[in-house]
Amino acid sequence: MCGEIDFSIMLVERFAAYHRQSYGGCKPGIGDVLIGAAASMADYNGVRRAAHIREKLGEMLHLSETMHACGLACSYEGWKTMAGNYQSNTLLANICKHNVTRFTYELCRLAEDIAGGLLVTLPSEQDFRHPVIGKYIEKYLRGVADVTTENRIRMLTLIHAMTKGQISPSYQTESMHGAGSPQAQKIMIERESDMDAKQRFARSLAGIDEREDVTA
Ligand SMILES: Cc1cc2nc3c(=O)[nH]c(=O)nc-3n(C[C@H](O)[C@H](O)[C@H](O)COP(=O)(O)OP(=O)(O)OC[C@H]3O[C@@H](n4cnc5c(N)ncnc54)[C@H](O)[C@@H]3O)c2cc1C
């Protein structure tokens, strides 16, 4: 760069904010599919109305919508630069991505809880199609009567792909490290937050500093 470093910090911070903002759209979108798959498995297992299952599905919705809310918040709090492009709010974009580093893992954990251990003990498709073994799998791996064993296996396979298989690196490891590992967001969150102001508020309310006169 021939010593032209004046704007290098700003460049990295703004690029990272864009990247971290985008996770508030992408990851809740994948979350919607995982929540739908977990709810379907609860249906297929015949436990959809059980109190703890509804509570866990509610928790999954909460986690996914919180990521979505962060994506919207950092966009709504964005601003127009002199160049005419829009820049997301840096603090909220980092909060968004930092929640993503945690919430996607909890979403996977809850989906696995609801799906059941069959997620990893499932026989192969070859066994399912086997002329001798196939009929036993059809009989003994059936959940509720009105859903075929094949469809139960299909839904389990989707959850497996998203939490442990070929799609899982993009949902878990990318959520952790993509757009920077968690500590990168913590550094930006500290940098973008006015800790002095927060301490002033606390000292004022605790009666250590003189109260600001707001009536004047
Ligand atoms: C699936 C996936 C998709 C990706 N897509 C993109 C993309 O589209 N565009 C893009 O630009 N990048 C992308 N990335 C790269 C991403 O930005 C990096 O993975 C991320 O910056 C972390 O770097 P790293 O993986 O080399 O881990 P490392 O930097 O090796 O981090 C590993 C650990 O070491 C810690 N650590 C690292 N350096 C220090 C230090 N100096 N002091 C203390 N602790 C430290 C970290 O906090 C972390 O806990 C993607 C990554 C993944 C996994």
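Provided above is the structure to which this section pertains.
In what follows, the accompanying structure is described. (Residues numbered from 1 in each chain as written. Predicted model: local features only at pLDDT ≥ 70, side-chain atom pairs only at ≥ 80, totals over all residues. Heavy atoms only, no water.)

A short note on the state of the cysteines
And step 1. Following the criterion strictly, the structure yields zero disulfides and no others.
And step 2. Free of any disulfide, Cys70 has its nearest cysteine sulfur in Cys96, 5.2 Å distant.
And step 3. A residue is classified by how much of its surface remains accessible, and Cys70, at 13% relative accessible area, is buried. (Disulfide = S-S within 2.5 Å. Buried < 20%, exposed > 50% of the residue type's maximum accessible area, 1.4 Å probe, protein only.)

Comments concerning the nonpolar core
And step 1. In this structure, Leu34, Met41, Leu57, Met60, Leu107, Ile114 and Ile159 are the most contacted members of the largest nonpolar core, which totals 35 residues.
And step 2. Mapped onto this core, the elements with two or more residues apiece are α1 (8-45), α2 (51-76), α3 (90-115), α4 (118-121) and α7 (149-163).
And step 3. For this core, the element with the highest residue contribution is α1, accounting for nine residues.
And step 4. Filtering out sequence-adjacent residues up to four positions away, Ile159 remains in contact with Leu34, Ala37, Ala38, Met41, Ala111, Ala115, Leu119 and Lys164. (Core = buried A, V, L, I, M, F, W, Y, C linked by side-chain atoms within 4.5 Å. Helix = DSSP H or I, 4+ residues; strand = E, 2+ residues; numbered from the N terminus. Contact = heavy atoms within 4.5 Å.)

Remarks on the packing of α1 against helix α9 (residues 182-192)
And step 1. Direction vectors running N to C along α1 and α9 enclose 115°, while the axes themselves pass 12 Å from each other. Relative to α9, the element α1 lies roughly perpendicular. Crossing of α1 over α9 shows left-handed handedness. The segment α1 lies against α9, with Ile9, Glu13 and Arg20 engaging Ala184, Gln185, Met188 and Arg191. (Axes fitted to C-alpha atoms, helices over the stretch in contact; angles between N-to-C directions. Parallel < 35°, antiparallel > 145°, perpendicular 65-115°, else oblique. Left-handed = near helix turned anticlockwise from the far one by under 90°.)

Observations concerning the packing of aromatic side chains
And step 1. Within this structure, the stated rule accounts for zero aromatic pairs.
And step 2. Taking the ring centre of Tyr23 as reference, the NZ or CZ of Lys97 above it sits at 5.4 Å. (Phe/Tyr/Trp six-rings, centres within 6.5 Å; stacked < 30°, edge-to-face > 60°. Lys NZ or Arg CZ within 6 Å of the ring centre and 35° of its normal.)

Just geometry here; none of it tells us what the structure is for.
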